[in-house]
Amino acid sequence: MLFIALMIAVLLGATWVGVRYIVRQIELVQVKSSFVSNVTHELKTPIAVIKLAVETLEMRRFRNPEEEEKYLRTILKESDRLTRLVDNILDFSRLESGQRALRLAEVRVEDLVSTALESFRLRLEDEGFHWDVDIPAGLPSVRADVIALQHCLLNLLDNAVKYSRDRKEIRITARARDGMVSVAVSDRGIGIAAEDLPRIFEKFVRVETGLVHTVKGAGLGLSLVDQIVRAHHGRVEVASTPGEGSIFTMLLPVWEGGQGSPPTP
Ligand code: ADP
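All values reported here derive from a predicted model rather than from experimental measurement.

The rules we used
- Residues numbered from 1 in each chain as written.
- Predicted model: local features only at pLDDT ≥ 70, side-chain atom pairs only at ≥ 80, totals over all residues.
- Heavy atoms only, no water.
- Helix = DSSP H or I, 4+ residues; strand = E, 2+ residues; numbered from the N terminus.
- Buried < 20%, exposed > 50% of the residue type's maximum accessible area, 1.4 Å probe, protein only.
- Contact = heavy atoms within 4.5 Å.
- Areas by Shrake-Rupley, 256 points an atom, 1.4 Å probe, with all protein chains shown as cover.
- Core = buried A, V, L, I, M, F, W, Y, C linked by side-chain atoms within 4.5 Å.
- Near = heavy atom within 4 Å.
- Polar contact = N/O pair within 3.5 Å; in protein donor to acceptor, adjacent residues only side chain to side chain.
- Nonpolar A, V, L, I, M, F, W, Y, C, P; charged D, E, K, R; others polar.
- Pairing = 2+ DSSP bridges.
- Axes fitted to C-alpha atoms, helices over the stretch in contact; angles between N-to-C directions.

1. So, the overall build of the chain
- Regarding its fold elements, the chain presents five helices and seven strands.
- Traced from its N-terminal end to its C-terminal end, the chain shows the element sequence α-α-β-α-β-β-α-β-β-α-β-β.
- Seen along its three principal axes, the alpha-carbon backbone of the chain occupies a region of about 90 × 50 × 40 Å.
- In the chain, which comprises 265 residues, the share counted as buried stands at 42%.
- Partitioning the contacts of the chain with sequence separation of at least 6, the portion at a separation of at least 24 is 75%.
- Accessible surface for the chain amounts to roughly 15,000 Å². Of this, 59% is attributable to carbon and sulfur atoms.

And the structure:
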């Protein structure tokens, strides 16, 4: 009897493991195919918009210099968006294959934030956002790869814009905290439900809200931010309330002079 019971238990266990494996594989296939369709959609839209704007300019189908300026801004904005998507995908595959090593140096947070804002200003202005920056004087520098961190900040800003509705307000704050420096991006957007928070840093994950179909994305941004910040020996925190907004905080190690060789993510 004991032997039969044991056999049944083993069989049930094996079946359970098998079923879980198959379900996981099916999920992976679904996730990959939705990733491909999301990326294709994200690539096609800006290309179509750029083409239309260039055609309009080429045929001089604008009424006044302001309209001409508007089309030029559109081209710039959409090519920025394309660049960010391609950078995300390239960075992602380099991080996955371990080919991307960090080039760590002393980085002033003020410089990091102002450069990111400089390249994002057009988008914020065009979408009608108000933004403010709160960085206290005398904040320690961080030990960082400036290009990788710019990329993180741009991804957080991009999300803040994408997931905001009527209250178009963004704030960037930096503080010294627990021997590290925090850099936070807050918005007054749709927020994230508590049960979804643990999953948002996983690759290809997009939260199933009503907005997901209207807001473009590939589900890579936050996964990259998390990987890059962890490679800096830092961490990312999120606080969010549905309907109120979200705060994404990157905690980064302070620069303490010419430290050893950079870690590989
Ligand atoms: P993507 O924006 O391409 O979908 P991300 O990895 O950047 O992918 O974000 C994953 C998910 O986390 C998003 O689909 C969205 O549901 C949620 N999210 C990220 N940032 C915000 C934010 N600032 N406000 C609300 N939801 C957010």
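2. Remarks on the nonpolar core
- Counting 53 residues, the largest nonpolar core has Val-109, Leu-153, Ile-170, Val-183, Ile-200 and Met-250 as the members making the most contacts within it.
- Counting residues per element, this core draws most heavily on helix H4 (residues 146-162), at nine residues.
- Residues within four places of Ile-170 in sequence aside, it is in contact with Leu-124, Phe-129, His-130, Trp-131, Asp-132, Leu-157, Ala-160, Val-161, Val-185 and Ser-186.
- Counting six residues, the second-largest nonpolar core is a separate cluster that includes Ile-50, Ala-53, Phe-62 and Ile-75.

3. Looking at the site of the ligand
- Close to the ligand lie 19 residues; Asn-159, Tyr-163, Asp-187, Arg-206 and Ala-218 are nearest.
- In the environment of the ligand, an oxygen atom lies 2.9 Å from a nitrogen or oxygen atom belonging to the side chain of Lys-162.
- Note that an oxygen atom of the ligand is positioned 2.7 Å from one of the side-chain N or O atoms of Tyr-163.
- Of all elements in the fold, only H4, helix H5 (221-231) and strand S7 (245-253) reach the threshold of two or more residues within the shell around the ligand.
- Tallied by class, residues from the shell around the ligand come to 10 nonpolar, six polar and three charged.

4. Observations concerning the sheet that holds strand S5 (residues 180-187)
- Ordered by their spatial adjacency, five strands build an open sheet running S2-S4-S5-S7-S6, and the pairing between neighbours is mixed. Single-partner strands in this sheet number two, and they are strand S2 (130-134) and strand S6 (235-241). Between one strand and the next, the sheet's axes are offset by a mean angle of 15 degrees, whatever the strand orientation.
- Where S5 and S7 come together, eight bridges link them in antiparallel fashion. Bridged to Ala-184 within S7 is Thr-249.
- Those strands touched by H5 are S6 and S7, and its axis lies near 25 degrees from that of S7.

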